[in-house]
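Summary of structural features
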Amino acid sequence: MSLRSLSLVFQRHISSKTPLFTNAFHNPTNAQYREQLPNQIPSPSPAKSHMVSTYNLTTSSPSNKMIRAYLKNGDLDSARQVFDKMTLKTIFTWNLMLTGYSKPGTLKQALQLFNQIPQPDVFSYNIMLACYFQNSEIDHAHLLFDKMPVRDSASWNTMISGLCQNGMMPKAHRIFSSMPNKNDIAWSAMISGYIQNGDLKSAVDLFNQMPEQDKGVFSSTAMVTGFMSFGEIELAQKLFDKMPDRNLVTWNSMVAGYVKNGRAEEGLKLFRVMVQMGVRPNPSTFSSVLLGCSDLSGLELGKQIHQLICKLPLNLHPTCGTSLLSMYSKCGDLENACQMFDKMCRRDVVTWNAMISGYAQHGLGEKAIGLFDEMRKGGKKPNWITFVGVLLACSHAGLVELGIQYFNSMEKDYEVEVKPDHYTCMVDLLGRAGLLSEAVELINKMPFKPHLAIFGTLLGACRIHKKLELAEFAAQKMLDLDPWSSAGYVQLANVYATMNRWDNVARIRRLMRDNKVVKTPGYSWIEVKSVVHEFRSGDRIHLQLDSIEKKLEELEKRMKLAGYVPDLNFALHDVEEERKELILSRHSEKLAIAFGLLSTPQGTQIRVFKNLRVCGDCHNATKFMSLVERREIIVRDTTRFHHFRDGICSCGDYW
């Protein structure tokens, strides 16, 4: 199914005046499902461990309602003031206040309150048990569990879940084995625990030990999640297909699993089935679906899903807002991303990170830094992802000194641990600026072993600045880490080619053949009327190829009159100049742009996506295309977005 087909399905739902969903936990039979299901199916997120038994917090007491309202808004102090003034406190009131303290950092207050309860019930113990685990006080949790006068199923589940979440699987298994009446939640907690701790085999063994009558939706969902987490998509599909009951978490897990395993289109197909069956999506669903749209660069489908979110309505939910912002940014529509950010009433650190990264990816380094300053002034504490965006912004804008300053201040001023991703950004920052010796020095000072991306980034900088000896060093390091990765071979061959070292190019290509290393083919794609069209360099397949080539020939004449001169250094083949020029003119992004010019009305933006870095000649040619056609052309490669308008690129030719 194409993106256009999916868009039409959602458009019908959006424009319909009939109820969109019937039952949020609709459970279709396998037969119903198979009729509409694609051949493959996806995964769920781990079943949530039930640390505390369900407890009805509604009550007619005005004071209890006030406490509950304050707790909902995170105002513990005000809630405690109301609590302390109450002359008559029921066990419900005590438990309500204790629940407020059941989070990290408030263990002392929780314990003091618990010890004051006149007659704590089993729910009180369960809250306290959960509080110990929240604060990683495992031994105290054990002691409390052992002295509990009465234990219900929630007590056992809380103990098992807490141990699993802290990686103590042998202890969790001992508690689980001694549990008198194991329920689906307990089985699910154990299965999820094994999966979260990287032990799929034990999870499968335990799942297979379950009595048939006990195989409920929670444990099955946990197992589906596990299969997806380990990339066992077909096994996840088979289990999902067999499940007699599926809840929203199950569907979400499958959709998320497909997207996370690089099969976004199948995830979107499954989402379509989910919607058609009347299962009401929640913010978690839309987070995965919009990520899938981003992966496919499906802007039009993303817009349709935005309308669906508004109809539900979930557009004011922070998760949906952030996911929409991120989708628009990654699909090249920065204007809509900014509008989403401006409209959001509540912004958490994820929202700020998404917008900072969006500005960075689109080459607007100053705006990204300005937003970071606004975030700090507003009292939001940055995390490690924030600094990836900030350093990326500095790198793309050439703000070398500022980038070094932020890098050095991370641990000192913000208590943010420096991770490998930050070092990769810094090597990129220094390498782009030609400071290759400083980049190597930084790699040598890393407190952990350099990873593949570090040397790949260094090699890319060597290609820009034609540093052959250092390029050979970086390529060798890449091959030492991953002998079957094509990136090291290809980038080194390209360095040799730009320096006309054709014997070395031939040697590298021969090595690739001998070692059975397959080069990732370069291709570009463009979405027109919700249909994605893909092009490869020298494409001979597209149905409109004759029209595209005529358009390119016409464009080339006009571009040359405007001053365009093909840069034959980027035709990485040892052939005559005329042949080199022809090869350059048929690069995949040029084919995609020409198709976009033919297929869209004059004046509309063109968005092209490429799986490799755009070459220098294509970058220069696209500037001239934007000039002679009077079009804004947006090209996203592996590192950033380039916005071409009136013969100028937003990157300022620094990329």
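Residues numbered from 1 in each chain as written. Predicted model: local features only at pLDDT ≥ 70, side-chain atom pairs only at ≥ 80, totals over all residues. Heavy atoms only, no water.

**Comments concerning the pairing of strand β2 (residues 531-536)**
Two strands pair when backbone bridges link them, and strand β1 (residues 523-528) and β2 are joined in this way by 6 bridges, in the antiparallel orientation. Residue pairing in the sheet places Glu 527 in a bridge with Val 532 of β2. Here β1 hands over to β2 after 2 residues, with Lys 529 in that stretch at a positive phi of 55°. (Pairing = 2+ DSSP bridges. Helix = DSSP H or I, 4+ residues; strand = E, 2+ residues; numbered from the N terminus.)

**Structural notes on the packing of helix α19 (residues 318-330) against helix α21 (residues 349-361)**
Contact pair α19 / α21: the axes reach a minimum separation of 9 Å and the direction vectors enclose 10°. Taken as axis vectors, α19 and α21 run roughly parallel relative to one another. Along the contact surface, α19 presents Thr 322, Leu 325 and Ser 329, while α21 presents Val 350, Thr 351, Ala 354, Met 355 and Gly 358. In terms of residue class, the contact of α19 with α21 is made up of 4 nonpolar, 4 polar and no charged. (Axes fitted to C-alpha atoms, helices over the stretch in contact; angles between N-to-C directions. Parallel < 35°, antiparallel > 145°, perpendicular 65-115°, else oblique. Contact = heavy atoms within 4.5 Å. Nonpolar A, V, L, I, M, F, W, Y, C, P; charged D, E, K, R; others polar.)

**Considerations on the pattern of salt bridges**
Overall, the coordinates contain 23 salt bridges when judged by the stated rule. The shortest N-O distance in the salt bridge between Glu 415 and Lys 381 comes to 4.0 Å. Of the two residues, Glu 415 is situated in the loop between α24 (400-414) and α25 (420-432) and Lys 381 in the loop between α22 (365-377) and α23 (384-397); the sequence distance between them amounts to 34 residues. For the pair Glu 415 and Lys 381, a shared accessibility class is recorded, and that class is exposed. The shortest N-O distance in the salt bridge between Glu 589 and Lys 610 comes to 3.1 Å. Taken together, the residues Glu 589 in helix α33 (residues 588-599) and Lys 610 in strand β3 (residues 606-610) connect sequence positions 21 residues apart. Assigned by exposure class, Glu 589 and Lys 610 land together as buried. What emerges from the salt-bridge pattern is a single network uniting Arg 540, Glu 549, Glu 553 and Arg 586. (Salt bridge = Lys/Arg side-chain N within 4 Å of Asp/Glu carboxyl O. Buried < 20%, exposed > 50% of the residue type's maximum accessible area, 1.4 Å probe, protein only.)

**Some details on the sheet that holds strand β4 (residues 633-636)**
If you trace the 6 strands from one edge of the open sheet to the other, you get β2-β1-β3-β4-β5-β6, paired in mixed fashion. The sheet terminates laterally at β2 and β6 (648-649), the two strands that pair on one side only.

**What about the pairing of β4?**
Looking down a regular strand, the side chains alternate between one sheet face and the other. Of the two faces of β4, the one lined by Ile 633 and Val 635 and the one lined by Ile 634 and Arg 636 are each fully buried. Bridge analysis of β3 against β4 gives 4 bridges, and the strand direction is parallel. Among the inter-strand pairings, Ile 606 is bridged to a residue of β4, identified as Ile 633. In terms of handedness, the path from β3 via helix α34 (residues 616-629) over to β4 forms a crossover that is right-handed. Pairing geometry for β4 and strand β5 (residues 641-645), over 4 bridges, is antiparallel. Residue pairing in the sheet places Ile 633 in a bridge with Phe 644 of β5. Connecting β4 to the antiparallel partner β5 that follows it, the hairpin turn spans 4 residues. (Right-handed = clockwise from strand over helix to strand, strands pointing away.)

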